[in-house]
Amino acid sequence: MTEPTSPVPLPPVPLLDVRGLQKFFPITKGFLQRVTGQVRAVDGVDFTIHEGETLGLVGESGCGKTTASRCILRAIDPTGGEIRYHTRAGDIVDLAALSPAELLPLRAEIQMIFQDPFGSLNPRMTLLDNVGEPLLVNGMGNRGERTDRVAELLRLVGLRPEFMHRFPHAFSGGQRQRIGIARALATNPRLVVADEPVSALDVSVQAQVLNLLLELQSRLKLTFLFVAHDLSVVRHISDRIAVMYVGQLVELAPTDAIFRHPRHPYTAALMRAVPVADPRVRTIDGILGGEVPSPAAPPSGCYFHPRCRHAEARCMQETPELREITPGHFARCHFAELWPERDAA
Amino acid sequence: MTSDTAVPLLSVRDLRVSFTLDDGLVRAVDGTSFDVMPGQVLGIVGESGCGKSVTMKAILQLVDRPGKITNGQIMFRRRPPGQEAGGEVVDLALLPPKGAVMREIRGAEIALIPQEPMASFSPVHTVGDQIIEAIMLHGHRWDAGRRITRAQARDITIGLFRDVGISMPEQRIDAYSWQLSGGLRQRAMIAMALSCKPRLLIADEPTTAIDVTTQAQVLALLRDLQHKYNTAIIFITHDLGVIAQMASYVVVMYLGRVMEQGPVDEIFHAPAHPYTRALLRSIPGLTGATRTALPVISGTLPHPFNRPAGCPFHPRCPDVMARCAEAVPNLEPVGPYQAASCFLHHAEASAT
């Protein structure tokens, strides 16, 4: 008998609730390392990731997207805020407040896929040891069980199990990224943080890896936080997209809505900057001038106002809040309701 | 005298570059031919290992040992001193890499914008000094043989900085490369490449290391400068979007050979080679369905020691035929300005 399906779509179940996440890095000076300022790399970020969805996190370099994702993994300790995680056991824990010992049992549930397929695998370890290492550190299975699991994982990502006794150097970039994915999946995680997983790959290999990620997600009911700068890739894989600028979220919405009706001028500018693979469509004109301000000394008011074509006096003084413009569509702009019609004018 | 636009500025014919390694011979470039017209933006697109960067190194005679140009011609029309048009044609493939003629051409007549502006500027000299040095080294050649003084070279550099959109050029000229942001550094690199008014500019993945908004700024700048100076540009990239936006003519390479070449509109809207078609299908766009499987090119790139016989693409080709494994198809015309090396478009056996 098949499982009864609900006649109406079930409401999304939150897996991770990020509230007011902050990460500051001190700026030190002199021999005594006196703290003279703070780089506010992530400054009050709120978002929720639902079970089984892909949340895309985009922004330019230095916007804090990688720092935010590393805070969620507790690879670095956040300065403030909460990271409420719904565990497999059904509890809600604040990852930001847990001690390293309390985190240990949860490590297996949240895993990461890295950007550089050449730097992220140990060249002196075989695939068996590279892919099986998360099982070893999490104390899962004996050697025989680990070997079986690695064979299963390699098959899952489209590699031959016989490869497990080879070393990473024998594989191409795309194959290595598959190995990295197999390792991330070793502990049967629920949430996978992927930081630029395809940006180092060739066009044709990129398509293969994106297809693999989509397939694995539906097969294993995975939840992805997909951090990337390439908007066409993020659009392809994400259910919802969050845009960051100078440590803050400026827009968060379902993929279709954000591309059809961007409610923040920065999002619209990012989209216009993508070179479209069609010579009949002229993009990269009417481009965004200026540079990203330093998170150590952000501008007054709206952080985007010095580069915004539509900035008014109010934008220089008043800091806009992230507001819900239409259901599920959040934007941090005083004039969010007027977009994108205003942009076309 | 012939018209300046009808004669190619650079003409590459059957270029072959191979690397003799302990484990065997790698034929990185295996019979590549294309032309660059004066003032044209030529895009060369291909995935890693297709030989696009080695081709450019061969043009500049910068192929590292054990690499060697084993065959072919690289005909380049030199700029006569003090003139803009005409000039004698030399075969760069025959010139000694460290000889006086090649050193005159390199930087002055053919300039390079490298991929990594951070690694390309010396960190111990100011960016201004490095550009001034280039101008003083090459500048006299087109100014009727007159030497350029350091003060003049500095003024030229400040003018160039203004041209490439660097604000406060008088201060920035004395900055070190590590004091500049990624975008400014790439602008300074472009200023350096343009400093000797080259006829040909080779841009090797000039925007892959920078952000999308900065990339758009740099691409728009290159487009403006190209109109202003009418410099021919060879634009090498793996990004089909950048090619579509920048190039007027496109060369598609795979495993050291030209698969297809043609005007940008034909390449994107009427691709003739199965590889071009497959490549175009595999990129996610800003429109179209999301979260669906992208069409992929089956198989993987063969190992360099393991080149397939016949057409290099045949093991991965959806339209493969028996003869594809036996003979290498020549580049044959498939339209007025378009050519493809594929037996699908060959009437009779025309193979090498």
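Structure first, text after, so check above.
Description of the structure in this document. If you're wondering where the values come from, they're calculated on a predicted model, not measured in any experiment.

1. Concerning the overall build of chain B
(1) Moving on: Scanning chain B for helices and strands turns up eleven helices and twelve strands.
(2) Moving on: Its C-alpha atoms give chain B a radius of gyration of 21 Å, near enough to 20 Å, the size a compact globule of 352 residues would have.
(3) Moving on: Seen through its C-alpha atoms, chain B measures out along the principal axes to roughly 65 × 50 × 45 Å.
(4) Moving on: Residue pairs at least 24 apart in sequence account for 63% of intrachain contacts in chain B once pairs closer than 6 positions are excluded.
(5) Moving on: Accessible surface, chain B: about 15,100 Å² in total, of which carbon and sulfur atoms supply 54%.
(6) Moving on: For chain B, the centre of its 33 positive side-chain charges and the centre of its 33 negative side-chain charges are spaced 3 Å apart.

2. Concerning the overall build of chain A
(1) Moving on: Within chain A, the regular secondary structure consists of eleven helices and twelve strands.
(2) Moving on: For 345 residues, the compact-globule formula gives about 20 Å, and the C-alpha radius of gyration of chain A, at 21 Å, lands near that figure.
(3) Moving on: Oriented by its inertia axes, the alpha-carbon framework of chain A measures out at about 70 × 60 × 45 Å.
(4) Moving on: Going through the 345 residues of chain A one by one, you find that 55% of them count as buried.
(5) Moving on: Counting only contacts in chain A whose residues sit at least 6 apart along the sequence, the fraction spanning at least 24 positions is 63%.
(6) Moving on: Averaging the coordinates of the 37 positive side-chain charges in chain A and doing the same for the 38 negative ones gives two points 4 Å apart.

3. Looking at the pattern of salt bridges
(1) Moving on: With the rule as written, the count across this model stands at 30 salt bridges over all chains.
(2) Moving on: The partner of E51 of chain A in a salt bridge is R190 of chain A, and the shortest N-O contact between them spans 3.5 Å. Here E51 of chain A is found in the loop between strand 2 (34–50) and strand 3 (54–58), whereas its partner R190 of chain A is found in the loop between helix 5 (173–185) and strand 7 (191–195), with 139 residues between them in sequence.
(3) Moving on: Since its relative accessible area comes to 46%, E51 of chain A is described here as partly exposed.
(4) Moving on: With a shortest N-O distance of 2.9 Å, D30 of chain B and R16 of chain B are connected by a salt bridge. Residue D30 of chain B is found in strand 2 (residues 24–36), and its partner R16 of chain B is found in strand 1 (residues 10–21); the two are separated by 14 residues along the sequence.
(5) Moving on: In the salt-bridge network here, residues are joined through shared partners; they are D14, R16, R27, D30 and R307 of chain B.

4. Some details on helix 11 (residues 274–281) of chain B
(1) Moving on: Among the eight residues in helix 11 of chain B, six count as buried, and that is most of the element.
(2) Moving on: Buried within helix 11 of chain B we find P274, Y275, T276, A278, L279 and L280 of chain B.
(3) Moving on: In this structure, the buried residues of helix 11 of chain B make contact with helix 6 (203–220) of chain A together with helix 9 (240–246), strand 9 (249–254), strand 10 (257–263) and helix 10 (264–269) of chain B.

5. What about the pairing of strand 3 (residues 41–45) of chain B?
All names here are of chain B.
(1) Moving on: Burial of strand 3 is extensive: five of the five residues sit out of reach of the surface.
(2) Moving on: Of the two faces of strand 3, both are covered, the one formed by V41, G43 and V45 as well as the one formed by L42 and I44.
(3) Moving on: With five bridges connecting them, strand 3 and strand 8 (residues 232–237) associate as parallel partners. In the sheet register, L42 faces strand 8, and the bridge partner there is I234.
(4) Moving on: Note: strand 3 against strand 9, four bridges, orientation parallel. Directly across from I44, in strand 9, lies its bridge partner V251.

6. A look at the packing of helix 4 (residues 127–138) of chain B against helix 5 (residues 150–163) of chain B
Residue and element names in this part refer to chain B.
(1) Moving on: Look at helix 4 against helix 5: their axes get within 9 Å of each other, and the N-to-C directions meet at 115°. In the packing of helix 4 onto helix 5, the handedness of the crossing is right-handed. Packed against helix 4, whose contacting residues are V127, D129, I131, I132, I135 and M136, the element helix 5 presents R150, A153, R154, I156, T157, L160 and F161 at the interface.
(2) Moving on: Split by residue class, the contact of helix 4 with helix 5 holds nine nonpolar, one polar and three charged.

7. Side note on the packing of helix 3 (residues 127–137) of chain A against helix 5 of chain A
(1) Moving on: Orientation of helix 3 of chain A relative to helix 5 of chain A, taken along the N-to-C sense of each, is 35°, at an axis distance of 6 Å. Between helix 3 of chain A and helix 5 of chain A, the contacting residues are L127, N130, V131 and P134 of chain A on the first element and I179, A182 and R183 of chain A on the second.

8. With respect to the packing of aromatic side chains
(1) Moving on: Scanning all chains against the criterion turns up eight aromatic pairs over all chains.
(2) Moving on: On the basis of an interplanar angle of 50° and a centroid distance of 4.4 Å, the ring pair of Y245 of chain A and Y266 of chain A is categorised as tilted. You can see Y245 of chain A sitting in strand 9 (residues 240–245) and its partner Y266 of chain A sitting in helix 9 (residues 265–273), a full 21 residues away along the chain. Take Y245 of chain A and Y266 of chain A: they sit in the same class, and that class is buried.
(3) Moving on: Measuring from centroid to centroid gives 5.4 Å for Y176 of chain B and W178 of chain B, while their planes differ by 10°, and the two rings are stacked.
(4) Moving on: Linked through ring pairs, Y245, Y266 and F304 of chain A together constitute an aromatic cluster.
(5) Moving on: The ring of F259 of chain A is capped by R235 of chain A, whose NZ or CZ atom sits 5.6 Å from the centre of that ring.

9. With respect to the interface of chain B and chain A
(1) Moving on: Counting from both sides, the interface comprises 44 residues of chain B and, opposite them, 45 residues of chain A.
(2) Moving on: Taken together, the two surfaces of chain B and chain A that pack against each other cover about 3,800 Å², and 55% of this comes from carbon and sulfur.
(3) Moving on: Considering only the side of chain B, the residues that lose the most area to chain A are Q245, L286 and R291 of chain B, jointly responsible for 22% of the buried surface there.
(4) Moving on: On inspection of chain B and its partner chain A, the count reaches two salt bridges.
(5) Moving on: Put simply, R280 of chain A and D265 of chain B hold a salt bridge, and the shortest N to O gap is 2.7 Å.

10. Some points on empty space enclosed by the protein
Residues and elements named next belong to chain A.
(1) Moving on: For the coordinates displayed, the defined rule picks out four cavities of 30 Å³ or more.
(2) Moving on: The volume enclosed by the largest cavity comes to roughly 100 Å³.
(3) Moving on: If you go around the largest cavity, you meet 15 residues; those closest to its centre are P265, C302, C308, C315 and C333.

11. A few points about the sheet that holds strand 7 (residues 200–204) of chain B
Residues and elements named next belong to chain B.
(1) Moving on: One open sheet accounts for eight strands, arranged 6-7-8-3-9-10-12-11; its pairing is mixed. A single partner strand is all that each edge strand has here, and the edge strands are strand 6 (110–113) and strand 11 (332–333).
(2) Moving on: Taken strand by strand, helix 1 (residues 52–59) contacts strand 3, strand 6, strand 7, strand 8 and strand 9, and its axis lies near 145° from that of strand 8.
(3) Moving on: Relative to the sheet, helix 11 contacts strand 9 and strand 10, its axis offset from that of strand 9 by approximately 100°.

12. Digging into the nonpolar core
(1) Moving on: I181, L185, L213, L216, F226, V243 and Y266 of chain A are the most contacted members of the largest nonpolar core, which totals 72 residues.
(2) Moving on: Ranked by the residues each element gives to this core, the list is headed by helix 6 of chain A, at eight residues.
(3) Moving on: Once residues lying within four places of it in the same chain are set aside, the contact partners of L213 of chain A are I113, I181, P197, F224, F226 and I237 of chain A.
(4) Moving on: In terms of nonpolar packing, the next biggest core, distinct from the first, is built from 59 residues, I148, I173, L225 and A244 of chain B among them.

Criteria and cut-off values
Residues numbered from 1 in each chain as written. Chains lettered and ligands numbered in written order. Predicted model: local features only at pLDDT ≥ 70, side-chain atom pairs only at ≥ 80, totals over all residues. Heavy atoms only, no water. Helix = DSSP H or I, 4+ residues; strand = E, 2+ residues; numbered from the N terminus. Rg over C-alpha atoms; globule rule 2.2 N^0.38 Å. Contact = heavy atoms within 4.5 Å. Areas by Shrake-Rupley, 256 points an atom, 1.4 Å probe, with all protein chains shown as cover. Lys, Arg positive; Asp, Glu negative; His and termini not counted. Charge placed at Lys NZ, Arg CZ, Asp CG, Glu CD. Buried < 20%, exposed > 50% of the residue type's maximum accessible area, 1.4 Å probe, protein only. Salt bridge = Lys/Arg side-chain N within 4 Å of Asp/Glu carboxyl O. Pairing = 2+ DSSP bridges. Axes fitted to C-alpha atoms, helices over the stretch in contact; angles between N-to-C directions. Left-handed = near helix turned anticlockwise from the far one by under 90°. Nonpolar A, V, L, I, M, F, W, Y, C, P; charged D, E, K, R; others polar. Phe/Tyr/Trp six-rings, centres within 6.5 Å; stacked < 30°, edge-to-face > 60°. Lys NZ or Arg CZ within 6 Å of the ring centre and 35° of its normal. Buried area = accessible area lost by both parts, 1.4 Å probe. 1 Å grid on protein atoms, 1.4 Å probe; cavity = no way out; pocket = protein on both sides within 12 Å on 5 of 7 lines; lining within 4 Å. Points joined across faces, edges and corners; volume = space filled by probe spheres on them. Core = buried A, V, L, I, M, F, W, Y, C linked by side-chain atoms within 4.5 Å.

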